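Spelled out from the first residue to the last, the chains are:
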Amino acid sequence: MPQIVVLTGAGISAESGVPTFRDSDGLWVGHHIDDVATPEGFERDRSLVQRFYDARRASLSGVEPNAAHRALAELEETMGEALLVVTQNIDDLHERAGSRNVIHMHGELLKARCRACGAVVPWQGPLIDEPACPLCGTHDLRPDVVWFGEMPYEMERIADALSQATHFLSVGTSGAVYPAAGFVQHARRHGARTLELNLEPSEGSHFFHESRLGPAGELVPQWAREILWS
Ligand code: BV8
C-alpha cells in the first residue's frame, strides 16, 4: 500500500470561489502581509486583523468544496490512514468534502484561541466585538491561525509522515511560504515520488520529479484515479 502525503494550498480552494493570496485578486491585495498576518500587525491594529479574519470566516458559508477536495476525500475512503492531507488553508472545505485525515498546519478560521488561558475553541461568528473566552472569561480571543514568525502546527507529525511517504503530492500552492515549501525536498530525500499539480509553475517546481499544469478540479481527480488503478 502506498503512503501518500498531499500538501494543499489556496489554489485547491480557488475553484470553490475562495480567493488565493498571490493571484491578481488575491487576499493580500489592499492588505500588506505584515499588517494582517503577523503578531506585530495584530498588536498594531487589532480591529483591522479581527475584521480581516471575520470577513473570511463569514464568507465560508457561501462556498462549497470542489471536485479536487471531493477526489481526495473519496481516495481516503479506500486508503484510510495511508493518505494524509496537510493543508496550508484555513478553510474547512477538505472536511466538508469528507476528508478526516487532515492537518491544518496554518490553523483554522473556524477556531479561536484565547491569549489569556491558551484555550482553542470552535468559533463561527465574528471576533471584532471582543467576546469573552468560554473557558476563562477573558476578552482576549484571536483567530486560531498561524501568522508569519509563528510556529506552524503539528510539525513533528508532518515530518514523520514525509519521512515515510512513498508519494508526495503538492496541489495549488505557490511554494513561497516555509516550512511548507520545503516539504517536497524532505519527502524526496526519503525516497518519495514527488508530483506538483498547479495552475502555473510554483517557486519550487524544480524540486519535483514531475509537475502538471492545470486546474486542481481537473488534475486531482485524474491523479486519484491513477493511484487507485496503480
Ligand atoms: C515559521 C496565515 C519559524 C493564515 C499564513 C526568508 C526565507 C525563507 C523563509 C522565511 C524568510 N523570512 C521569514 C521566513 C519564514 C516565513 C516565510 O516563509 N516567509 C515567506 C513569505 C518568505 N514563514 C513563517 O513565518 C512560518 N513560520 O517559519 O516559524 C519559527 C521557528 C521557531 C519558533 C517560531 C517560529 C509561518 C508561515 C505561516 C504564515 N501564515 N497564513 C491565513 O491568513 O491564511 S501563510 C499564507 O500563505 C497562507 O497560509 C497560505 O497557505 C500560504 C501560502 O500561500 P498559497 O497557499 O501557496 O497561496 P498562493 O496564493 O501563494 O498560491 C496559490 C497557488 O495556487 C498559485 O501558485 C496559483 O497558481 C495556484 N492556483 C490558483 N488557482 C488554481 C491554482 N492551482 C490549481 N488549480 C487552481 N484552480
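Let me begin by describing the structure that accompanies this report.

### Here we look at the sheet that holds strand β9 (residues 210-213)
Strand order in the open sheet made by the 6 strands is β3-β2-β1-β7-β8-β9, with parallel pairing throughout. Both edges of this open sheet fall to β3 (102-104) and β9, since each of them pairs with a single strand only. Pairs of neighbouring strands in the sheet enclose a mean axial angle of 15°, with direction left out of account. As paired strands, strand β1 (residues 4-8) and strand β2 (residues 83-87) are joined by 5 bridges and run parallel to one another. Counterpart to T8 in the pairing with β2 is T87. In this fold helix α5 (residues 67-79) packs onto β1 and β2, with an angle of close to 145° to the strand it touches most, β2.

### Quick notes on the packing of α5 against helix α9 (residues 216-229)
Relative placement of two packed helices is described by the angle separating their axes and the distance separating the axes. Between α5 and α9, the least distance of the axes is 7 Å, while the angle of their chain directions is 15°. Viewed along their axes, α5 and α9 adopt a mutual orientation that is roughly parallel. For the crossing formed where α5 meets α9, the hand is left-handed. Contact with α5, carried on its side by A67, A68, A71, L72, L75, T78 and M79, involves A216, G217, V220, P221, W223, A224, I227 and L228 of α9 and no other residues of that element.

### Remarks on the site of the ligand
Taken together, 34 residues are adjacent to the ligand, and R22, G149, T173, S174 and Y178 come closest. Y53 is positioned such that a nitrogen or oxygen atom in its side chain is 2.8 Å from an oxygen atom of the ligand. Protein contacts shield 75% of the accessible area of the ligand, which totals 1500 Å² for the unbound molecule. For the shell around the ligand, the elements supplying multiple residues, two or more each, are α1 (11-14) and α4 (46-59).

### Remarks on the packing of aromatic side chains
Between two aromatic rings, the relevant description is the distance of the centres plus the angle of the planes. Overall, the coordinates contain 4 aromatic pairs when judged by the stated rule. Centroid distance F42 to W147: 5.2 Å. Interplanar angle 40°. Geometry classified as tilted. Placement of F42 in helix α3 (residues 39-44) and of W147 in the loop between β6 (141-145) and α7 (155-164) is noted, with a sequence separation of 105 residues between them. Both residues of the pair, F42 and W147, count as buried. Considering the side-chain rings of F168 and F208, the 6.3 Å spacing of their centres and the 20° angle between planes classify their relative orientation as stacked.

### Remarks on the pattern of salt bridges
As enumerated under the stated definition, the model contains 15 salt bridges in all. The shortest N-O distance in the salt bridge between R113 and D144 comes to 2.9 Å. Here D144 lies in strand β6 and R113 lies in strand β4 (residues 107-114), a separation of 31 residues in the sequence. Take D144: its relative accessible area is 3%, and that puts it in the buried class. R115 is paired through a salt bridge with D140; the nearest N and O atoms lie 3.0 Å apart. Of this pair, R115 sits in the loop between β4 and β5 (120-122) while D140 is found in the loop between β5 and β6, placing the two residues 25 residues apart along the sequence. A residue is classified by how much of its surface remains accessible, and R115, at 37% relative accessible area, is partly exposed. Ionic contacts of the salt-bridge type, sharing partners, join the residues E43, R46, R115, E130 and D140 into one network.

### A short note on unusual backbone geometry
The phi torsion of most residues other than glycine is negative, and most of the peptide bonds are trans. Following Y178, the chain continues to P179 via a peptide bond in cis, the omega torsion being 5°. Mapped onto the secondary structure, P179 falls in the loop between β7 (167-171) and α8 (183-189). With a phi angle near 50°, E130 is a residue other than glycine that sits in the positive phi range. One non-glycine residue, E154, lies in the positive phi region at around 55°. Structurally, E154 can be placed in the loop between β6 and α7.

### What to know about the nonpolar core
Buried together is how nonpolar side chains tend to be arranged in soluble globular proteins. V6, V171, L197, V220 and W223 are the most contacted members of the largest nonpolar core, which totals 22 residues. Considering each element in turn, this core owes the most residues, 6 residues, to α9. Those residues within four positions of W223 in sequence are excluded, and the remaining contacts are I4, V6, L72, L75, L169, L195, L197 and R212. Core analysis: the second largest hydrophobic core is formed by 17 residues, V5, L84, V86 and A180 among them.

The rules behind these values
- Residues numbered from 1 in each chain as written.
- Predicted model: local features only at pLDDT ≥ 70, side-chain atom pairs only at ≥ 80, totals over all residues.
- Heavy atoms only, no water.
- Pairing = 2+ DSSP bridges.
- Helix = DSSP H or I, 4+ residues; strand = E, 2+ residues; numbered from the N terminus.
- Axes fitted to C-alpha atoms, helices over the stretch in contact; angles between N-to-C directions.
- Contact = heavy atoms within 4.5 Å.
- Parallel < 35°, antiparallel > 145°, perpendicular 65-115°, else oblique.
- Left-handed = near helix turned anticlockwise from the far one by under 90°.
- Near = heavy atom within 4 Å.
- Polar contact = N/O pair within 3.5 Å; in protein donor to acceptor, adjacent residues only side chain to side chain.
- Areas by Shrake-Rupley, 256 points an atom, 1.4 Å probe, with all protein chains shown as cover.
- Phe/Tyr/Trp six-rings, centres within 6.5 Å; stacked < 30°, edge-to-face > 60°.
- Buried < 20%, exposed > 50% of the residue type's maximum accessible area, 1.4 Å probe, protein only.
- Salt bridge = Lys/Arg side-chain N within 4 Å of Asp/Glu carboxyl O.
- Core = buried A, V, L, I, M, F, W, Y, C linked by side-chain atoms within 4.5 Å.

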